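Spelled out from the first residue to the last, the chains are:
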Amino acid sequence: MIRNVVIVGGGTAGWMTATYLNKAFGDSVSVTVVESARVPTIGVGEATFSTIRHFFAHIGVEEHEWMPGCSASYKLAIKFENWREPGTHFYHPFERLPSFGGFDLADWWLHLDGKVAEFDRRCLVIPAVCEAQRSPRRLDGSLLTGTLEHGTQFPYAYHFDAALLAKYLTRLGTARGVRHVLDDVTEVRQDERGWISHLVTAGHGEIHGDLFVDCTGFRGLLINQVLGEEFQSFEDVLPNNRAVALRVPRDMAAHGIDPYTTATAMDAGWIWTIPLYGRVGTGYVYSDRFCSPEEAEATLRAFAAPGMPELEANHIRMRIGRNRRSWVRNCVAIGLSSGFVEPLESTGIFFIQHGVEQLVACFPGETWDPALADAYNARVAGVMDGVREFLVLHYRAAARDDTPYWKAAKTRALPPGLERRLESWRSMLPDAASIHPHFHGFEPYSWRVMLIGLGAQPVAALPALAHADPGPALAALDGIPRKIEQLIEELPSCYAYLSRLNH
């Protein structure tokens with residue numbers, strides 16, 4: 001039996017993994033986190049997407065327990081600014097499109113209207129809720145989904161300070177029995193098979209385990225440095241490899257809290273704006289082939305924090321890609337040590353969550369059946385490859401082409417199969433049969449919203465709709481303004497709801 005799991009590295013990845021395993025297995029598996037006090041976590045503001053609620057539900061904590069201590073706020077969508085051209089924007093919300101006569105509202109909209117700039121405002125409810133800075137929960141705690149179509153996507157995710165969440169999970173995990181060793185790993189010992197036998201630490205001596213989880217971030221201490229697993233770069237199709245971040249104070253009472261992440265296209269990349277409770281996290285994600293760190297910092301300061309030279313900038317060098325295998329021998333890499341596909345669609349936390357969920361599903365027995373590790377590796381690779389393809393779509397399908405960076409995005413190599421998919425999507429919108437075939441967290445509606453909103457590629461209406469009854473779809477489109485009006489009237493502001501939650 002596997003009795004001892006040793007997690008090397010803390011931060012969000014280490015402590016999400018520890019608390020999840022502890023809840024899943026209880027006292028039958030001992031979980032130890034070995035964390036260096038000298039290795040800083042990246043710790044910028046984090047955005048997530050809506051599956052994160054399953055993590056908190058699994059570990060058994062409610063919003064009022066963790067959100068106030070983590071500067072957390074709600075996220076209903078991503079607002080994409082300047083991706084079609086400067087001065088334009090559209091939303092990618094957590095909101096499925098309803099279907100009528102076997103065709104969803106995006107297909108009907110193409111047939112009935114088709115104006116790219118109006119798609120999200122005409123077919124979706126959440127963009128207007130975002131513009132009005134409304135909370136996804138009423139003051140009695142009920143969700144906004146009451147006035148949306150049945151089967152709607154869960155309407156929100158979270159923004160939070162990743163360093164504060166790691167501290168919260170540290171307290172929670174240790175209170176529940178996770179062993180916390182604050183020490184430096186000086187050596188990693190292997191047995192005659194090449195499996196990890198134990199760690200040697202500076203102050204706590206040897207730490208033995210059956211299964212070792214690498215949460216050491218981009219360093220990949222166990223998976224890459226010790227076990228030598230090959231890292232496969234994605235920079236040929238996703239060249240953004242640097243970021244610079246700032247923490248910007250903001251008077252939330254005066255300005256309110258936007259319940260969405262903003263991704264603003266810039267000359268050599270894009271800037272994220274993540275409104276937390278009490279401040280804004282912001283950062284410029286860029287490619288060092290098109291922009292220097294000094295230029296990026298100056299651009300970010302002018303955009304997000306003019307007149308605040310005292311704010312400290314955090315420069316981050318990102319490793320874009322994934323390991324060939326994230327499970328090698330008795331080591332599983334989770335988080336940045338496993339892979340990372342730039343923060344454009346807030347997938348970093350999702351990769352952690354998916355990794356630990358699959359580790360529980362594929363947890364080994366005493367025979368270490370290799371089929372379990374193979375299944376884990378296939379699922380993790382499929383998720384990251386799918387997100388890679390979805391993000392490449394953002395750059396290739398963006399109408400913007402006014403700088404060398406954006407011009408290169410239109411001629412860069414594509415992941416296998418995407419060129420064929422893009423060509424097919426000129427005749428019909430993406431659906432479950434035509435998007436990336438392996439689970440990667442994004443449903444077909446997300447591909448549809450992005451392809452239309454980005455605006456570079458015209459999409460034809462389906463000929464079949466000329467023979468179908470448009471009445472129900474027209475009624476739905478006509479009803480959207482009333483639903484919006486009702487929601488805005490019923491929902492409190494995001495600031496009002498979060499202020500109550502935090503006091």
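Look up: the structure comes first, before these words.
One structure accompanies this document, and this report is about it. Fair warning: this is a prediction, and the values are worked out from it, not measured in the lab. (Residues numbered from 1 in each chain as written. Predicted model: local features only at pLDDT ≥ 70, side-chain atom pairs only at ≥ 80, totals over all residues. Heavy atoms only, no water.)

Across its full length, the chain holds 17 helices and 24 strands. Expected size for 503 residues packed as a compact globule is a radius of gyration near 23 Å; at 23 Å, the chain falls within 12% of this value. Seen along its three principal axes, the alpha-carbon backbone of the chain occupies a region of about 70 × 50 × 45 Å. The proportion of buried residues among the 503 residues of the chain is 58%. (Helix = DSSP H or I, 4+ residues; strand = E, 2+ residues; numbered from the N terminus. Rg over C-alpha atoms; globule rule 2.2 N^0.38 Å. Buried < 20%, exposed > 50% of the residue type's maximum accessible area, 1.4 Å probe, protein only.)

This next bit is on the packing of helix α1 (residues 11-25) against helix α11 (residues 348-361). For any two helices packed against each other, one specifies the inter-axial angle together with the distance between the axes. Two numbers describe how α1 lies on α11: the axes approach to 10 Å, and their chain directions differ by 30°. Looking at the two axes, α1 sits roughly parallel to α11. The hand of the α1/α11 crossing is right-handed. Contacts between α1 and α11 involve Thr12, Ala13, Met16, Thr17, Tyr20, Leu21, Ala24 and Phe25 on the former and, on the latter, Ile349, Ile352, Gln353, Val356, Glu357, Leu359 and Val360. Looking at the contact of α1 with α11 residue by residue, the classes come out as 11 nonpolar, 3 polar and 1 charged. (Axes fitted to C-alpha atoms, helices over the stretch in contact; angles between N-to-C directions. Parallel < 35°, antiparallel > 145°, perpendicular 65-115°, else oblique. Left-handed = near helix turned anticlockwise from the far one by under 90°. Contact = heavy atoms within 4.5 Å. Nonpolar A, V, L, I, M, F, W, Y, C, P; charged D, E, K, R; others polar.)

Before going further, it helps to examine the sheet that holds strand β20 (residues 314-317). In spatial order, the strands read β6-β5-β17-β18-β19-β16-β20; together these 7 strands make up an open sheet with mixed pairing. Each of the sheet's edge strands pairs with one partner strand only, and the pair in question is β6 (89-93) and β20. Pairwise comparison of adjacent strand axes, ignoring direction, gives a mean angle of 20° for this sheet. As judged from the 8 bridges shared by strand β16 (residues 242-249) and strand β19 (residues 279-286), these two strands associate in the antiparallel manner. Residue arginine 242 lies in a different strand from β19, and its bridge partner there is tyrosine 286. (Pairing = 2+ DSSP bridges.)

The gaps of empty space that remain are located by a probe, the size of a water molecule, rolled over the atoms. In this model, the second largest pocket occupies a volume close to 340 Å³. Taken together, 17 residues make up the lining of the second largest pocket; nearest its centre are Arg250, Asp258, Thr273, Val280 and Phe303. Listing elements by their share of the lining of the second largest pocket, those giving two or more residues are β16, β17 (261-266), β18 (269-275), β19 and α10 (293-304). Its residues placed into classes, the lining of the second largest pocket shows 8 nonpolar, 6 polar and 3 charged. (1 Å grid on protein atoms, 1.4 Å probe; cavity = no way out; pocket = protein on both sides within 12 Å on 5 of 7 lines; lining within 4 Å. Points joined across faces, edges and corners; volume = space filled by probe spheres on them.)

Each strand in a sheet pairs with another by means of backbone hydrogen bonds, the pair being arranged parallel or else antiparallel. Strand order in this open sheet of 3 strands is β15-β21-β24, and the pairing throughout is antiparallel. The outermost strands of the open sheet, each flanked by one partner alone, are β15 (231-233) and β24 (339-340). Bridge count between strand β21 (residues 321-323) and β24: 2 bridges; the pairing is antiparallel. Each residue of the ladder has a partner; that of glycine 321, found in β24, is phenylalanine 340.

Even without a glycine there, the phi angle at glutamine 133 is positive, about 55°. Inspection of the secondary structure puts glutamine 133 in the loop between α6 (126-131) and β9 (157-161). At serine 346, a residue that is not glycine, the phi angle is positive and equals roughly 60°. Structurally, serine 346 is set in the loop between β24 and α11.

The next point concerns empty space enclosed by the protein. Across all of its chains, the model carries 4 cavities of 30 Å³ or more by this definition. Computed from the structure, the second largest cavity encloses a volume of approximately 50 Å³. Every residue along the wall of the second largest cavity is listed here: Ile334, Gly335, Ser338, Phe351, His354, Gly355, Tyr376, Val380, Val383 and Met384. Of all elements in the fold, only α11 and α12 (370-397) reach the threshold of two or more residues within the lining of the second largest cavity. Here the element with the most residues in the lining of the second largest cavity is α12; it accounts for 4 residues. Looking at side-chain class alone, the lining of the second largest cavity contains 6 nonpolar, 4 polar and no charged residues.

The subject of this paragraph is the packing of aromatic side chains. In the structure shown here, the tally under the stated rule is 35 aromatic pairs. For the pair tyrosine 20 and phenylalanine 55, a centre-to-centre distance of 6.2 Å together with 15° between the ring planes defines the contact as stacked. Here tyrosine 20 is found in helix α1, whereas its partner phenylalanine 55 is found in helix α2 (residues 52-59), with 35 residues between them in sequence. Take tyrosine 20 and phenylalanine 55: they sit in the same class, and that class is buried. Ring centres of phenylalanine 49 and phenylalanine 442 lie 5.1 Å apart, and the angle between their planes is 40°; this geometry places the pair in the tilted category. With phenylalanine 49 in the loop between β3 (45-47) and α2 and phenylalanine 442 in the loop between α14 (418-424) and α15 (444-454), the pair connects residues that are 393 residues apart, well separated along the chain. Relative accessible area serves as the criterion here: at 6%, phenylalanine 49 is assigned to the buried category. Every member of this aromatic cluster is reached through a ring pair, and the members are Tyr20, Phe55, Phe56, Trp66, Tyr74, Phe154, Tyr156, Tyr158, Phe160 and Tyr497. (Phe/Tyr/Trp six-rings, centres within 6.5 Å; stacked < 30°, edge-to-face > 60°.)

All told, the structure shown has 22 salt bridges when counted by the stated rule. A salt bridge links arginine 448 to aspartate 107; its shortest N-O distance comes to 3.0 Å. Pair noted here: arginine 448 is in helix α15 and aspartate 107 is in helix α4 (residues 105-112), with a separation of 341 residues, a long-range link. Aspartate 267 is paired through a salt bridge with arginine 400; the nearest N and O atoms lie 3.5 Å apart. Here the residue aspartate 267 occupies a position in the loop between β17 and β18, and arginine 400 occupies one in the loop between α12 and α13 (404-408), the gap between them amounting to 133 residues. Aspartate 267 gets classed as partly exposed once you look at its relative accessible area, which sits at 49%. Beyond isolated ion pairs, a larger network of salt bridges with shared partners links Glu229, Glu230, Arg324 and Arg325. (Salt bridge = Lys/Arg side-chain N within 4 Å of Asp/Glu carboxyl O.)

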